[in-house]
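Results of the structural survey
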Amino acid sequence: MSKDKNKFNQAEDPEVVNPENVEISDDFAAEEGDAVAEESAEPVEEKSEVEQLREDLAKEKKEYLFLMAEFDNFRKRTLKEKSEIIRNAGENVLKGLLPIVDDFERGLKAAANAENVQVVDEGMQLIYNKLVKYLNANGVKEFDPADDVYDADKHEAISVVPVPDEDKKGKILDTVEKGYMINDKVLRHAKVVVGQ
């Protein structure tokens, strides 16, 4: 009986609403439908935005990997070209020396059959001049350190000799081997005797 009374009280109670008996107006249904559509549209927009960001990230990553590969290829190609330039530069220098070697060979053959020493001497002088001219054309120049002040950047002291004259101290007394420079850089230090 209490159950029946409870049912009866719910039916008469104006605040208690039975969902089966409720009629929904068209305006209310339209508003509810819009609210549900808005709620469901937001996750779709968020989802599409997340997907868009993922696609952008994948695209950027792909471009980054492409650029890294391209840079690695550029680096390898540059190293290869640089080594070829160095190798070919050496090749060109040596190729330029071959005519001088040919001259030496001809001079040696002529010297073996020559009776006049002066002719051999003149031939050797011509070959020497040709070699010096070739070196100068390639930027190699000798520097003569005689009567010069000792400079550790250009000279190599192989011996130090005591000198009585104060003016000769720290100066070069003798050159054992000439020094050479290439484009204002020391190619070979001059071997000198220095006064102390």
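In what follows, the accompanying structure is described. Sequence order as written defines residue numbering, which begins from 1 separately in each chain. With pLDDT at 70 or above as the cut-off, local features in this predicted model cover only qualifying residues; side-chain atom pairs require 80 or more to be listed or tallied, and sums for whole chains, interfaces and linings still use all residues. Only heavy atoms go into the side-chain values, all of them from the structure, while hydrogens and water stay out.

Details of the overall build of the protein
Heads up, the rule is: In this description a helix means any DSSP run of H or I spanning at least four residues, a strand means any run of E spanning at least two, and both kinds are numbered starting from the N terminus. Burial classes: relative accessible area under 20% of the type maximum marks a residue as buried, over 50% as exposed, and values in between as partly exposed (1.4 Å probe, protein chains only). Whether two residues are in contact is decided by their heavy atoms, any of which lying within 4.5 Å being enough. Where accessible areas are quoted, they stem from the Shrake-Rupley method and a 1.4 Å probe; at the residue level, only the protein chains shown are allowed to cover.
For the protein, the helix and strand inventory stands at three helices and six strands. Moving toward the C terminus, one meets the helices and strands of the protein in the order α-α-α-β-β-β-β-β-β. Taking all 196 residues of the protein together, the buried fraction comes to 9%. Of the contacts formed within the protein by residues at least 6 apart in sequence, a portion of 58% connects residues at least 24 apart. Counting every atom, the protein has about 16,600 Å² of accessible surface; 55% of that belongs to carbon and sulfur.

Thoughts on the pattern of salt bridges
Convention followed: Salt bridges, as used here, are contacts in which a Lys or Arg side-chain nitrogen is within 4 Å of a carboxyl oxygen on Asp or Glu.
The final tally for this structure, using the stated rule, is nine salt bridges. Between Glu 51 and Arg 54 there is a salt bridge whose closest N-O contact spans 3.5 Å. Taken together, the residues span about one helical turn, with Glu 51 and Arg 54 both in helix 2 (residues 26-113) at a distance of three residues. A relative accessible area of 54% means that Arg 54 is categorised as exposed. Taking the shortest distance from any N to any O, the salt bridge between Lys 191 and Glu 177 comes out at 3.8 Å. Of the two residues, Lys 191 sits in strand 6 (residues 190-195) while Glu 177 sits in strand 3 (residues 172-177), which places them 14 residues apart along the sequence. In this structure Lys 191 comes out as partly exposed when scored by relative accessible area, which is 28%. One network of salt bridges, with partners in common, ties together Asp 72, Arg 75 and Lys 76.

Structural notes on the sheet that holds strand 1 (residues 140-143)
For the record, the criterion: Two strands are said to pair when DSSP picks up at least two bridges between them. Only the stretch in contact is used when a helix axis is fitted, and all axes are lines through C-alpha atoms; the angle between N-to-C directions ranges over 0 to 180 degrees.
Ordered by their spatial adjacency, three strands build an open sheet running 1-4-5, and the pairing between neighbours is antiparallel. Here the strands that pair on one side only, and so sit at the sheet edges, are strand 1 and strand 5 (185-188). Taking each pair of neighbouring strands and ignoring which way they run, the sheet shows an average axis angle of 40°. Summarising the sheet, strand 1 and strand 4 (residues 179-182) pair through four bridges and their orientation is antiparallel. Each residue of the ladder has a partner; that of Lys 141, found in strand 4, is Met 181.

Observations regarding the sheet that holds strand 6
With mixed pairing, the three strands of this open sheet are ordered in space as 2-6-3. Each of the sheet's edge strands pairs with one partner strand only, and the pair in question is strand 2 (155-161) and strand 3. Going across the sheet, the axis of each strand differs from the next one's by a mean of 30°, ignoring polarity. Relative to strand 6, strand 2 is paired through six bridges, and the arrangement is parallel. Its bridge partner lying in strand 6, Val 160 is registered against Val 194.

Quick notes on the packing of aromatic side chains
Selection rule: Whether two aromatic rings pair depends on their centres lying within 6.5 Å, for rings of Phe, Tyr and Trp, where Trp uses its six-membered ring; planes under 30 degrees apart make the pair stacked, over 60 edge-to-face, and the rest tilted. Working rule: Lys NZ or Arg CZ, within 6 Å of ring centre, within 35 degrees of ring normal, means a charge sits over the ring.
Evaluation of the coordinates by the stated rule reveals one aromatic pair. On the numbers, 6.5 Å between centres and 35° between planes, the contact of Phe 71 with Phe 74 is tilted. With Phe 71 and Phe 74 both in helix 2 and three residues apart, the pair spans about one turn of that helix. Residue class for Phe 74 comes out partly exposed when judged on its relative accessible area of 45%. Here Lys 154 stacks its cationic end above the ring of Phe 143, 5.2 Å away from the centre of that ring.

Here's the deal with a nonpolar patch on the surface
Just so we agree on the cut-off: By definition, no residue in a patch forms a salt bridge, and every one has over 30% relative accessible area; like charges are joined within 9 Å, nonpolar side chains (Val, Leu, Ile, Met, Phe, Trp, Tyr) within 5 Å.
Side chains of Tyr 64, Leu 65 and Met 68 sit close together on the surface and give an oily, nonpolar patch of about 330 Å² of accessible area. The residue Tyr 64 is located in helix 2 in this model.

Considering helix 3 (residues 117-137)
In plain terms, the rule: For a helix, the expected span equals 1.5 Å multiplied by the number of residues minus one. We define a polar contact as two N or O atoms separated by no more than 3.5 Å, with the added condition that, inside protein, one atom must be a possible hydrogen donor and the other a possible acceptor, whereas residues neighbouring each other in sequence contribute only through side-chain atom pairs.
Across its 21 residues, helix 3 extends 30 Å between first and last C-alpha, which sits within 8% of the 30 Å expected from 1.5 Å per residue. Of the residues that open helix 3, the one with a side-chain oxygen 3.1 Å from the backbone nitrogen of Gln 118 is Asn 116.

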